[in-house]
Amino acid sequence: MSEIQHSSRAHARLNASSSHRWMMCPPSVKLSEQFADKPSTYAEEGTFLHELCELKLHRYLGDMAPDLIEQQYAEHRDNDFYSDEAESVTDEYVAFCIETIEAVRSSCPDPLIMVEHRLDYSEYVPDGFGTGDLVIVADGVLEVIDFKGGRGVRVEAHRNSQLMLYGLGALLEFDPLYDIHTVRMTIVQPRLSNTSTYEMTADDLVRWAETDVRPKALLAYEGKGEFCAGEWCRFCKARYTCRKRSEYHMSLAERDFRHPDLLSDEEIADILPVAESLNSWVQDLLAYATQEAVDGKSWPGYKLVAGRTVRKYTSEAEVIKAATEAGYTDIYKTSLLGVGDLEKRLGRKKFNEVLGKFIIKPAGAPTLVPETDPRKPYSDAASDFNQ
Ligand code: SF4
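Residues numbered from 1 in each chain as written. Predicted model: local features only at pLDDT ≥ 70, side-chain atom pairs only at ≥ 80, totals over all residues. Heavy atoms only, no water.

Undergrad: Explanation requested: the sheet that holds strand E1 (residues 112-120) in the structure shown.
TA: The strands that make up a sheet pair up through hydrogen bonds in the backbone, lying either parallel or antiparallel. Read from one edge to the other, the open sheet built from five strands follows the order E1-E2-E3-E4-E5, with strand pairing classed as mixed. In this open sheet, the two strands that pair with only one neighbour each are E1 and strand E5 (194-201). Pairwise comparison of adjacent strand axes, ignoring direction, gives a mean angle of 25° for this sheet. Strand contacts of helix H3 (residues 41-61): E1, strand E2 (129-138) and strand E3 (141-147), with the helix running at about 140° to E1, the strand carrying the most contacts. Across the sheet, helix H5 (residues 84-107) is in contact with E1, E2, E3, strand E4 (182-189) and E5; its angle to E3 comes to roughly 170°. (Pairing = 2+ DSSP bridges. Helix = DSSP H or I, 4+ residues; strand = E, 2+ residues; numbered from the N terminus. Axes fitted to C-alpha atoms, helices over the stretch in contact; angles between N-to-C directions. Contact = heavy atoms within 4.5 Å.)

Encoded structure:
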């Protein structure tokens, strides 16, 4: 077993994690290639958490030399991303994996269990491959379990094309030997308390690959097909200056509003579904134009100015000294760490044990979202809180 280092993982041109986008907008792959990859802190933290998960699973499975695990573990403890909370979220994922493995072992004495397994789906997607965090094969059932470290967007397993491509890769590899009839795919996203499973028959998965994936992947690979804008633009590298995305949003302004003074309810209902997307497009455009201006570009009618700032001390030590010498001693405040920071300090498990009974989560301010949003309606959430 070599050193665990996910940052060196190879990435396919048509990778599974962006499959929703290239299936909806095939030419986005070619268009994006002119933009450099910008590593983000979120991605780096995600890589780190995946490495911790992998080490813990190897430790449980006993398929890696213990001294090598401990040596790599010590290196990870020195990493800036290491914290009690990182331990806690990776523990949660690993606990789910262990539970699943034990359940499988109780009915099948010798399942195949693979950590960080390369999955090749190139039969349907040119040069397509990815890496399954945990793959289990037993008694005709294939399981793929995927860890998500994000705390922003909740990721559901239902018809998730990334997981379905991983499942497809595993099916192509193991079906000839194990006669797989069911593919089960799970996302574990501890920071949002989200564990989501989707299951389909092997036949349905192959049918999807043939009718949906293959034609779109071929278009994407060849840079052909129709541009199509939607929520999938969010992670597209071309999103700042893509003409299709701009046209999609600008078309709003061309709507034929018949009542010039006030919008009707119907017109507002028409605008709502695109409002969020419109807002995110405008924010992207502003960020892009600002960065270009910082780099020296001038936009007609615009100039760069310094943003608002707040006053701050040049040196806290000097301020304390000067204030004390002047006779002012009441210059400190102490306050309790916030819930998130304290949870980080204690680790999620200990935090829940010691402080769980003192934590409440008030109903948030009413927020208008599409009906498809998985959250409870506001009236139910508010009455839960009042009970
Ligand atoms: S920004 Fe959207 S429409 Fe444009 S290429 Fe990317 S995915 Fe397609």
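Undergrad: Which parts of the structure should I look at to understand the packing of H3 against helix H4 (residues 66-77)?
TA: In a packed pair of helices, the relevant descriptors are the angle between the two axes and the axis-to-axis distance. Where H3 meets H4, the closest approach of the two axes is 10 Å, and the angle between their N-to-C directions is 155°. By the angle between their directions, the pair H3 and H4 is classed as roughly antiparallel. Between H3 and H4 the crossing geometry is left-handed. Residue-level contacts link Phe48, Glu51, Leu52, Leu55, Lys56, His58 and Arg59 of H3 to Ile69, Glu70, Gln72, Tyr73 and His76 of H4. Looking at the contact of H3 with H4 residue by residue, the class counts come to five nonpolar, three polar and four charged. (Parallel < 35°, antiparallel > 145°, perpendicular 65-115°, else oblique. Left-handed = near helix turned anticlockwise from the far one by under 90°. Nonpolar A, V, L, I, M, F, W, Y, C, P; charged D, E, K, R; others polar.)

Undergrad: Would you mind showing me how to read the side chain of asparagine 160 here?
TA: Mapped onto the fold, asparagine 160 is located in the loop between E3 and helix H6 (161-178). The class for asparagine 160 is buried, based on a relative accessible area of 11%. (Buried < 20%, exposed > 50% of the residue type's maximum accessible area, 1.4 Å probe, protein only.)

Undergrad: What exactly am I supposed to notice about the site of the ligand here?
TA: As a structural note, the neighbourhood of the ligand is formed by Arg21, Cys25, Ser28, Leu31, Phe227, Cys228, Ala229, Trp232, Cys233, Cys236, Arg239 and Cys242. The residue inventory of the shell around the ligand, partitioned by class, reads nine nonpolar, one polar and two charged. (Near = heavy atom within 4 Å.)

Undergrad: What is the right way to look at a nonpolar patch on the surface in this model?
TA: A cluster of nonpolar side chains, namely Leu263, Ile268, Leu272 and Leu368, defines an oily patch on the protein surface of about 390 Å² accessible area. Take isoleucine 268: it is sitting in helix H9 (residues 265-294). The class of isoleucine 268 is partly exposed, set by a relative accessible area of 37%. (Patch = residues over 30% accessible without salt bridge, like charges linked within 9 Å, V, L, I, M, F, W, Y side chains within 5 Å. Areas by Shrake-Rupley, 256 points an atom, 1.4 Å probe, with all protein chains shown as cover. Salt bridge = Lys/Arg side-chain N within 4 Å of Asp/Glu carboxyl O.)

Undergrad: Would you take a moment to explain the state of the cysteines for this structure?
TA: Any covalent bond linking the sulfur atoms of two cysteines counts as a disulfide. All told, the structure shown has zero disulfides when counted by the stated rule. Just so you know, cysteine 108 is unpaired, no disulfide at all, and the nearest cysteine sulfur is the one on cysteine 97, 17 Å from it. Cysteine 228 takes part in no disulfide bond, and the closest cysteine sulfur, belonging to cysteine 25, lies 6.4 Å away. When its relative accessible area of 30% is taken as the criterion, cysteine 228 is described as partly exposed. (Disulfide = S-S within 2.5 Å.)

Undergrad: Any chance you could explain the packing of aromatic side chains here in plain terms?
TA: Any aromatic ring pair is given by two values, namely how distant the centres are and how the planes are angled relative to each other. Going through the model one piece at a time under the given rule, you end up with four aromatic pairs. Note on tyrosine 93 and phenylalanine 147: the rings are 5.3 Å apart at their centroids and 65° apart in plane angle, and the pair reads as edge-to-face. Of this pair, tyrosine 93 sits in helix H5 while phenylalanine 147 sits in strand E3; the two residues are 54 residues apart in sequence, bridging distant segments of the chain. Here the two residues tyrosine 93 and phenylalanine 147 agree in accessibility, since each one is buried. Each ring, one from phenylalanine 174 and one from tyrosine 178, has its centre 6.4 Å from the other, and the planes form 65°; the classification is edge-to-face. Of the two residues, phenylalanine 174 and tyrosine 178 both sit in helix H6, four residues apart, roughly one turn of that helix. A cation over a ring is seen here: arginine 118 above phenylalanine 129, with NZ or CZ 3.8 Å from the ring centre. Directly above the ring of tryptophan 299 sits lysine 297, whose terminal nitrogen or CZ lies 5.0 Å from the centroid. (Phe/Tyr/Trp six-rings, centres within 6.5 Å; stacked < 30°, edge-to-face > 60°. Lys NZ or Arg CZ within 6 Å of the ring centre and 35° of its normal.)

Undergrad: What should I look at first to understand the domain arrangement of the chain in this one?
TA: Many descriptions give the size of an interface as the accessible area lost when the pieces come together. Assigned domains within the chain: domain 1 (6-222) and domain 2 (240-294). Measuring from the centre of the C-alpha atoms in domain 1 to the corresponding centre in domain 2 gives 35 Å. (Domains from an automatic or database assignment.)

Undergrad: Teacher, can you tell me more about the pairing of E4 here?
TA: Within a regular strand, side chains alternate between the sheet's two faces. Counting buried residues along E4, seven of its eight residues qualify, which places the element largely inside the surrounding structure. Pairing of E3 with E4 involves seven bridges; the strand directions are parallel. By the bridge assignment for E4, aspartate 146 is matched with isoleucine 187. With H6 bridging E3 and its parallel neighbour E4, the resulting β-α-β unit is right-handed. Bridging between E4 and E5 involves eight bridges; their strand directions are antiparallel. Residue pairing across strands places threonine 182 opposite threonine 201, the latter belonging to E5. The turn linking E4 back onto E5 is made up of four residues, and serine 193 within it adopts a positive phi angle of 50°. (Right-handed = clockwise from strand over helix to strand, strands pointing away.)

Undergrad: Help me understand unusual backbone geometry in this model?
TA: Leaving glycine aside, a negative phi is the common case for residues, and trans is the common case for peptide bonds. A positive phi is found at arginine 159, a non-glycine position, where the angle reads about 50°. Counting through the fold element by element, arginine 159 comes out in the loop between E3 and H6. At serine 193, a residue that is not glycine, the phi angle is positive and equals roughly 50°. Here serine 193 lies in the loop between E4 and E5.

Undergrad: What is the right way to look at the packing of H3 against H5 in this model?
TA: Where H3 meets H5, the closest approach of the two axes is 9 Å, and the angle between their N-to-C directions is 40°. Between H3 and H5, the angle falls in the class oblique. With respect to the hand of their crossing, H3 and H5 are arranged in right-handed fashion. Along the contact surface, H3 presents Phe48, Leu49, Leu52, Cys53, Lys56, Leu57, Tyr60 and Leu61, while H5 presents Ala86, Glu87, Val89, Thr90, Asp91, Tyr93, Val94, Cys97, Ile98, Ile101, Glu102 and Arg105. Considered class by class, the residues forming the contact of H3 with H5 number 14 nonpolar, one polar and five charged.

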